[in-house]
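Summary of structural features
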Amino acid sequence: GDGQKWLDTYILSYVPVGAPHIGAPKSVRAVIDGDKMGLDAFIDDDEGLMFGRSLGSSPWMFPLESITSAVQKSPPVPPSVMRLEASITLTIPTQTIPMKSFVYRRAVMPSKIRLAIHLAKDFVVRTDYYPLSKGKAPTLTLKEEVWCVALPPTINESLKLYPNILMHLEEPGTGKPRKERRGICHCDIFWPFRFVWCMMKWIFCLPCAIVLKILRLLGKGADRGLEVTAGAVGSFRAIGKSRKVNWGKGLIASSK
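**Topic: the overall build of the protein chain**
Helix and strand counts for the protein chain come out as seven helices and ten strands. Within the protein chain, buried positions represent 25% of all 256 residues. In the protein chain, the proportion of contacts linking residues at least 24 apart, taken out of those at least 6 apart, comes to 68%. When the accessible area of the protein chain is evaluated, it comes to approximately 18800 Å², of which 63% is carbon and sulfur surface.

Below is the structure:
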């Protein structure tokens, strides 16, 4: 046809730079172990694995044969790669959690809270944020959420990778939440000391008391602005942590 004639007329030279004509080994690694494509700051290992396996063009880039030896050539890579693995389903049922002990003496009550499940240091699944109820005994109502987590094929390998489960309650913000200050109207065993200190402060050092009050107001405003900014950029802090739960017995029992 006219294909070769057109090439001879319009193409002077062809210089491929890094063209993977015989395939790229990296495509096999992306399908087996995942590839974050340089986006390590934005996605974790599990997301990189999901990303690498979701690319339909990866099998087309599998290496066809080895060119290291002209005599002995490796067999072609099959068009599919299978990896033996298992999975576990984590389910958080719909439930209501009493939150009074977690927000006791808070200067500002959190508007929303979520539950985080730590399977490893760098692997965490989180629920959505849910609003906190108002009143003297606030509660948090979680809706049912389900996650499917990939595991090694054997229980021993799974327990070695994820030996414990740790749960956190998180709220938007940074640093530690500000505690409510005990005023002079709060009656407890320290009330006489607070009363004496308040009288001495306002009677003997009125300018100092006024300056201290202004500084506290400015500090509260700065803290509030920092909280809003941290929540907008996705920062969070833990307000409650559970003990490490060894779930090995449950996994072994369910496998029999």
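**Here's the deal with helix α2 (residues 25-33)**
Burial in α2 covers these residues: Ser27, Val28, Ala30 and Val31. Buried residues of α2, viewed axially, fall in a sector of 160°; they line one side. The inward-facing, buried residues of α2 contact α3 (45-54). Two residues or fewer past α2, Gly34 is found with a positive phi of approximately 90°.

**Some details on the side chain of Glu145**
For Glu145, the position within the fold is in strand β7 (residues 145-151). Here Tyr130 takes part through its side chain, which lies 2.8 Å from a polar atom of the side chain of Glu145. When near neighbours in sequence (up to four residues on either side) are disregarded, Glu145 contacts Leu90, Thr91, Ile92, Arg126, Thr127, Asp128 and Tyr130.

**A word on the pattern of salt bridges**
Tallied over the entire structure, the rule returns three salt bridges. The salt bridge involving Glu170 is made with Arg114; its shortest N-O contact spans 2.9 Å. In this pair, Glu170 sits in strand β8 (residues 164-172) while Arg114 sits in strand β3 (residues 112-120), placing the two residues 56 residues apart along the sequence. Residue Glu170 is classed as buried on the basis of its relative accessible area of 1%. The buried category is assigned to Arg114, whose relative accessible area is 12%.

**Quick notes on the pairing of strand β6 (residues 139-142)**
Residues of β6 alternate between two faces, with Leu140 and Leu142 buried on one and Thr139 and Thr141 left unburied on the opposite face. Pairing analysis gives four bridges linking strand β2 (residues 95-98) to β6, with the strands arranged antiparallel. Along β6, the bridge assignment pairs Thr96 with Thr141.

**Quick notes on the packing of α2 against α3**
One way to put it is that α2 packs onto α3 with a least axis distance of 7 Å and a crossing angle of 125°. One finds that α2 runs oblique with respect to α3. Where α2 crosses over α3, the handedness of that crossing is left-handed. Residues Ala30, Val31, Ile32 and Asp33 of α2 pack against Leu49, Gly52 and Arg53 of α3.

**Overview of the nonpolar core**
With 25 residues, the main nonpolar core has Met99, Leu119, Leu140 and Tyr162 as its most contacted residues. Secondary structure elements with two or more residues in this core: β1 (86-92), β3, β4 (123-126), β6, β7 and β8. Counting residues per element, this core draws most heavily on β3, which supplies five residues. Once you skip the residues sitting within four places of it in the chain, Leu140 turns out to touch Gln95, Thr96, Ile97, Met99, Ile113, Tyr130, Pro131, Leu132 and Leu169.

**Let's talk about the pairing of β4**
The side chains of a regular strand alternate between the sheet's two faces. Side chains Phe123 and Val125 project from β4 onto a buried face, and the interleaved Val124 and Arg126 project onto a face without burial. Summarising the sheet, β3 and β4 pair through four bridges and their orientation is antiparallel. When the bridges of β4 are listed, Ala116 appears paired with Arg126. From the end of β3 to the start of β4, which pair antiparallel, there are two residues.

**A few points about the environment of Phe51**
Take Phe51: it is sitting in helix α3. The spatial distance from the C-alpha of Phe51 to the C-alpha of Met37 is 9.2 Å, given a sequence separation of 14 residues. Non-local contacts of Phe51, meaning those with residues more than four positions away in its chain, are made with Asp35 and Met37.

**Focus: a nonpolar patch on the surface**
Together, Trp6, Leu7, Tyr10, Ile11 and Tyr14 line one region of the surface with nonpolar side chains, adding up to about 600 Å² of accessible area. Looking at the secondary structure, you find Ile11 in the loop between α1 (3-10) and α2.

Rules used in this analysis
- Every chain is numbered on its own, with residues counted from 1 as its sequence reads.
- Totals for whole chains, interfaces and linings use every residue, but because this is a predicted model, local features are given only for residues with pLDDT of at least 70 and side-chain atom pairs only at 80 or more, for both listing and counting.
- Note that the side-chain values use all heavy atoms of the structure and ignore hydrogens as well as water.
- Elements are defined by DSSP. Helices are runs of H or I of four residues or more, strands are runs of E of two residues or more, and each kind is numbered from the N terminus.
- When accessible area is computed with a 1.4 Å probe and restricted to protein chains, residues below 20% of their type maximum are described as buried, those above 50% as exposed, and intermediate ones as partly exposed.
- Here, two residues are considered to be in contact whenever any of their heavy atoms come within 4.5 Å of each other.
- The method behind every accessible area is Shrake-Rupley, applied with a 1.4 Å probe, and residues are considered shielded solely by the protein chains displayed.
- Relevant arc is that of directions from the helix axis to the C-beta atoms, nothing else.
- Whenever a nitrogen or oxygen atom comes within 3.5 Å of another N or O atom, the pair is scored as a polar contact, on the condition that within protein one atom can donate a hydrogen and the other can accept it, and that pairs from neighbouring residues in sequence are kept only if both atoms are in side chains.
- When a carboxyl oxygen of Asp or Glu is within 4 Å of a side-chain nitrogen of Lys or Arg, the pair counts as a salt bridge.
- DSSP calls a pair of strands paired once it identifies at least 2 bridges connecting them.
- Each axis is a line fitted through C-alpha atoms, and for a helix only the stretch in contact is used; angles between axes span 0 to 180 degrees, taken between their N-to-C directions.
- Here is the rule for angles: anything less than 35 degrees is roughly parallel, anything more than 145 is roughly antiparallel, 65 through 115 is roughly perpendicular, and the remaining ranges are oblique.
- It is the rotation of the near helix from the far one that decides the hand of a crossing: anticlockwise by less than a right angle makes it left-handed, clockwise makes it right-handed.
- Buried residues of nine kinds, namely Ala, Val, Leu, Ile, Met, Phe, Trp, Tyr and Cys, make up a nonpolar core once their side-chain atoms join them within 4.5 Å.
- A patch consists of residues whose relative accessible area exceeds 30% and which take part in no salt bridge; residues with like charges are grouped when within 9 Å of each other, and nonpolar side chains (Val, Leu, Ile, Met, Phe, Trp, Tyr) when within 5 Å.

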